[in-house]
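Architecture and fold: a report
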Amino acid sequence: MTTAVTEVGEGPLAGRTVAIKDNTAVAGVPMMNGSPYLEGYVPLRDATVVTRLLGAGATIAGKAVCEDLCFSGGSHTSRPAPVRNPWDESRSAGGSSSGSAALVAGGVVDVATGGDQGGSVRIPSAYSGTVGHKPTYGLVPYTGAFPIEQTIDHVGPITRTVSDAALVLSVIAGADGLDPRQPLGLVPEDYVGALARGAEGMRVGVVAEGFGHPNSEPEVDDAVRAAVDVLRGAGLVAEEISIPWHAHGARIWDVIATEGAMVQMVEGNGYGMNWEGLYDPEVMAHYGGRWRADGSDFSETVKLVLLAGGYAVDRHHGRHYAMARNLAPRLRAAYDEALDRFDVLVMPTLPMRATVRPAPGAPREEVILRALEMIANTCVTDVTGHPACSVPAGTPGGLPVGMMIIGRHFADATVLRVAHAFEQAVGGFPAPPRTAAATRS
Amino acid sequence: MPLDPPAPDALRAVAKRYGLGLSDADITSFDPFVSGLLASWDTVEELYAASAPVRPSVRGSAPTTPPTRTAPGT
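Residues numbered from 1 in each chain as written. Chains lettered and ligands numbered in written order. Predicted model: local features only at pLDDT ≥ 70, side-chain atom pairs only at ≥ 80, totals over all residues. Heavy atoms only, no water.

**What to know about the overall build of chain B**
Along its length, chain B carries two helices and zero strands. Accessible surface computed for chain B: about 5200 Å², of which carbon and sulfur atoms make up 59%. (Helix = DSSP H or I, 4+ residues; strand = E, 2+ residues; numbered from the N terminus. Areas by Shrake-Rupley, 256 points an atom, 1.4 Å probe, with all protein chains shown as cover.)

What follows is the structure, given as structure tokens:
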């Protein structure tokens, strides 16, 4: 949906166009969150990130369509229509911030916002060839974005360059006093200024468990290993490291995201209860009233969440959610131990390149597989909260591959410095052929 | 305690509770995905068992005499 909202004519984002993921409220502009249950809903207040972007001089060019309730890593579940990948329109743009990445990659807007609970900033960035930064949990307020599960909700920038990601992050980071996800005493870094410090001499841990998944494409693993060699050539020191808990991370995420989303996103009508902060009573009533009248319009992935989560909670009353949450600090500690030795960790963002989108009416099996098959590496840092940035690492066969760079909690600037060093070493990231041709003409 | 695989009736009951409008054939087609996803519950159970706190051997006990009666409503 296009619009044009500008509040001030000056600031670090003056003259820059932004697309806001359509799970995030822009007052007066309809918000659908990819779901028929939100159709007709118009937010009354801006999300914090929207207020901050407008205050920095940005022009909101429109809302970017996203996947149905943001529960898909493929771009085929969004209502009213699927999102096409600018590199190959038959393929997935990635989700759930599908429209955000496609609009940025296609050169339609300068930058965009995305949300990330299982990889939804980084997945479309990897598939569509953009930079996607999932900030440290709590660094950017989630206030005004439609929640999935409060312990894994993140908002972050999707951009064409690392310097733009740093710029947007510098605008949207920091406490707003309304979001319980944020820690006390939060002080953001100077993300833009940090880039000038370079990354020479930094230590890079190449996480063995991030490669060679059963569904990994060799082209992807090879491209990321080649990207690591580029970092070595730029003066960074890279070594392989094993983090066995990485392989458990997706299992822990499965339980948290399934039972947690069932309780908060569905039964709690998005917001749930029992926390201090800013709620959106209007969206709770709109969405809650609609799905409770007829639940058959949930996407196939959300139906799966409800069947599995509903069954598990019926049998065990949330015991496994509690155990998974109690395991999250152990998972985080495994990463922290690795990050004691290395400044950043890297691995492929996704095991594969963009897949062909399921056709309308495709079998349920294909719809679900294409939505969830790619999250094994990304979802882990949604549980641990570490910052993670996906950068384009190559285009084997004409399709982008993402390399994910992970850093210590609240060391987002370090992650971006390494991303920037890589971007400079490869001479910038490529645009999709049609966009590149349009830029030249 | 591992999670038992869901019986079709159990999934039907969940689907009905949320008004998902799923037929028996739909439930059957979801079953492998549900079972595959629920394998993660077993992994979490095993990981947790390896690190769960040990129950204290003796720390307090149930009273051996009946508790003092209190007036209704207090």
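And the narrative resumes.
**With respect to the overall build of chain A**
Counting its secondary structure elements, chain A contains 14 helices and 13 strands. Taking 2.2 N^0.38 as the reference for a compact globule, 441 residues should give roughly 22 Å; the C-alpha atoms of chain A span a radius of gyration of 20 Å, in line with that estimate. The dimensions of chain A, computed from C-alpha atoms along their principal axes, are 60 × 50 × 50 Å. Residues classed as buried in chain A amount to 63% of the 441 residues present. Summarising the internal contacts of chain A: among those between residues at least 6 apart in sequence, 77% fall at separations of at least 24. Summing over all exposed atoms, chain A offers an accessible surface of approximately 14500 Å²; the carbon and sulfur share of this is 53%. (Rg over C-alpha atoms; globule rule 2.2 N^0.38 Å. Buried < 20%, exposed > 50% of the residue type's maximum accessible area, 1.4 Å probe, protein only. Contact = heavy atoms within 4.5 Å.)

**Looking at the packing of aromatic side chains**
Residue and element names in this part refer to chain A. Inspection of the entire model under this criterion finds nine aromatic pairs over all chains. Here Y271 and W275 contribute two aromatic rings whose centre-to-centre distance is 6.2 Å and whose plane-to-plane angle is 20°, an arrangement assigned as stacked. With relative accessibility at 14%, the residue W275 sits in the buried group. Between the aromatic rings of Y271 and Y279, the centroid separation amounts to 6.0 Å while the plane-to-plane angle is 35°, which identifies the pairing as tilted. (Phe/Tyr/Trp six-rings, centres within 6.5 Å; stacked < 30°, edge-to-face > 60°.)

**Here we look at the side chain of S35 of chain A**
Residues and elements named next belong to chain A. Its place among the elements puts S35 in the loop between β2 (17-21) and α1 (48-55). A polar contact is formed between the side chain of S35 and the backbone nitrogen of Y37, at a distance of 3.0 Å. Excluding its chain neighbours within four sequence positions, the residues that come into contact with S35 are D68, L69 and R79. (Polar contact = N/O pair within 3.5 Å; in protein donor to acceptor, adjacent residues only side chain to side chain.)

**Let's talk about the sheet that holds strand β11 (residues 344-348) of chain A**
All names here are of chain A. Read across the sheet, 11 strands follow the order β1-β3-β2-β6-β8-β7-β12-β13-β11-β9-β10 without closing on themselves; strand pairing throughout is mixed. With one partner strand each, in any of the chains shown, β1 (2-5) and β10 (237-241) form the two edges of the open sheet. Neighbouring strand axes in the sheet, compared pairwise and without regard to direction, differ in orientation by 25° on average. Where β2 lies against strand β6 (residues 111-115), two bridges are found, and the strand directions are parallel. Of the residues in β6, the one forming a bridge with A19 is A112. Most of the contacts of helix α6 (residues 218-233) go to strand β13 (residues 401-407), to which it runs at about 55°, and overall it touches β9 (203-207), β10, β11, β12 (388-394) and β13. (Pairing = 2+ DSSP bridges. Axes fitted to C-alpha atoms, helices over the stretch in contact; angles between N-to-C directions.)

**Focus: the packing of helix α9 (residues 300-316) of chain A against helix α2 (residues 24-51) of chain B**
Direction vectors running N to C along α9 of chain A and α2 of chain B enclose 60°, while the axes themselves pass 9 Å from each other. When the axis of α9 of chain A is compared with that of α2 of chain B, the two are oblique. Between α9 of chain A and α2 of chain B lies a crossing whose hand is right-handed. Only I27, F30, F33, V34, L37, L38 and W41 of chain B of α2 of chain B make contact with α9 of chain A, whose side of the interface consists of E300, K303, L304, L307, A308, Y311 and A312 of chain A. (Parallel < 35°, antiparallel > 145°, perpendicular 65-115°, else oblique. Left-handed = near helix turned anticlockwise from the far one by under 90°.)

**So, the pairing of strand β8 (residues 155-159) of chain A**
Residues and elements named next belong to chain A. Across the five residues that make up β8, a large majority, five, are buried. Bridging between β6 and β8 involves five bridges; their strand directions are antiparallel. Counterpart to A112 in the pairing with β8 is I158. Summarising the sheet, strand β7 (residues 131-134) and β8 pair through two bridges and their orientation is antiparallel. For V131, the partnering residue across the bridge sits in β8 and is T159.

**A closer look at unusual backbone geometry**
All names here are of chain A. Following R79, the chain continues into P80 via a peptide bond in cis, with omega recorded as 10°. Tracing the backbone shows P80 in the loop between β3 (59-64) and β4 (84-85). The residue L69 is not glycine, and still its phi comes out positive at about 55°. With respect to the secondary-structure elements, L69 resides in the loop between β3 and β4. The phi dihedral of N274 falls on the positive side, at around 75°, and the residue is not glycine. When you line up the elements, N274 lands in the loop between α7 (245-267) and α8 (281-293).

**Considerations on the interface of chain A and chain B**
Facing the 37 residues of chain A at the interface are 34 residues of chain B. When chain A packs against chain B, close to 3100 Å² is buried across both sides, 71% of that on carbon and sulfur atoms. Contact with chain B buries area across many residues of chain A, yet L307, Y311 and R364 of chain A alone supply 24% of it, more than any other trio. In this structure, the connection of chain A to chain B is made through four salt bridges. One salt bridge in this structure joins R364 of chain A and D26 of chain B, with 3.1 Å as the shortest N-O distance. There are 14 residue pairs in polar contact (both at pLDDT 80 or more) connecting chain A and chain B. Every element with two or more residues in the side of chain A that touches chain B is listed here: α7, α9, α10 (319-341) and α11 (364-372) of chain A. At 12 residues, α9 of chain A tops the list of elements feeding residues into the side of chain A that touches chain B. Across the side of chain A that touches chain B, the residue classes break down as 17 nonpolar, eight polar and 12 charged. (Buried area = accessible area lost by both parts, 1.4 Å probe. Salt bridge = Lys/Arg side-chain N within 4 Å of Asp/Glu carboxyl O. Nonpolar A, V, L, I, M, F, W, Y, C, P; charged D, E, K, R; others polar.)

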